[in-house]
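One-letter residues, chain by chain:
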Amino acid sequence: RLAGHRIVTAEAAARMPREAGTLFETGAARLQEASLEPDTVLKGRDGAEERSRHYINLDALAEPPFTGFPRTRREAETRFGAETVRRNGVLPWRVAEMLAELEKAMRDGPRDRVLSVAGWLAHYAADLFEPLHLTSNFDGQKTCNQGIHKAFETELIESHREAYARAVAQGKPAVGIIADPEGSILEWMRASYGLAAKVLAADSASVRAMKEDHADYWESLDRRAGPIAERQMSAAANAVASLWYTAWDAAGRPDLR
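Here is a short report on the structure shown in this document. This one's a predicted model, so the numbers in the text were calculated from it and none came from an experiment. (Residues numbered from 1 in each chain as written. Predicted model: local features only at pLDDT ≥ 70, side-chain atom pairs only at ≥ 80, totals over all residues. Heavy atoms only, no water.)

1. A look at unusual backbone geometry
Put simply, proline 64 and proline 65 share a cis peptide bond, and its omega is 5 degrees. Tracing the backbone shows proline 65 in the loop between α5 (58–61) and α6 (73–80). For the bond running from glycine 109 to proline 110, omega is -5 degrees, close enough to zero to count as cis. In this fold, proline 110 is placed in the loop between α8 (91–108) and α9 (111–127). For cysteine 144, which is not glycine, the phi torsion reads 60 degrees and is therefore positive. Take cysteine 144: it is sitting in the loop between α9 and α10 (148–159). (Helix = DSSP H or I, 4+ residues; strand = E, 2+ residues; numbered from the N terminus.)

Below, the structure written as structure tokens:
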């Protein structure tokens, strides 16, 4: 379960510039475990508050392409109302919040805290690259694609885990310090949202092929939506490593061991 988050976090650790120290290499196993905790631990602890941190229904708040979308949660609450924001998710602002928390952890330590916060940040940042986390039609319930959320982000990746891990590892790293984190977070989100329709179309085509041609649904979905998953996980790994690197730089470039 949650193989996608493990793949993204492991690849981000591999892409982390070595000048930051060896922590992301030696702590890779703990980072992967921590990247699952927003789902496996924090949802149980914080309930609805935590669940709202994993998504944002962009199309319930504004019209594509979402230019001028609020950069901060405070701006969003002023424009839309606090309850509307909470109900439709706070994912981009959670990523920004965890980036600030990671900077603090890197400055103050200890090592275990850095790894935990870095793993949590990896989870939320990866969610920005899952198109179905960005739309009110998150499970295809509005378009007769019910079940696509789990099929796309969990079962498809689990059933081809090694292949996806290899494909993501072949991506081209583009890790660097992010000059405008809030702006980058919103840009990643807007770009990912545009892929939701393609994922839904892949599901519809795969179901149709199964009914009309007796094709294997999972093979068809892998062929049609797999390239999207690969590209998004690779992009997420770059984003996660860049966010870690940005926090490290802002913290004064400590030697992380």
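2. Re the packing of aromatic side chains
With the rule as written, the count across this model stands at seven aromatic pairs. Between phenylalanine 69 and tryptophan 93 the ring centres are 6.2 Å apart and the planes differ by 5 degrees, which places this aromatic pair in the stacked class. Of this pair, phenylalanine 69 sits in the loop between α5 and α6 while tryptophan 93 sits in helix α8, placing them 24 residues apart in sequence. Ring centres of phenylalanine 129 and tryptophan 188 lie 5.7 Å apart, and the angle between their planes is 40 degrees; this geometry places the pair in the tilted category. (Phe/Tyr/Trp six-rings, centres within 6.5 Å; stacked < 30°, edge-to-face > 60°.)

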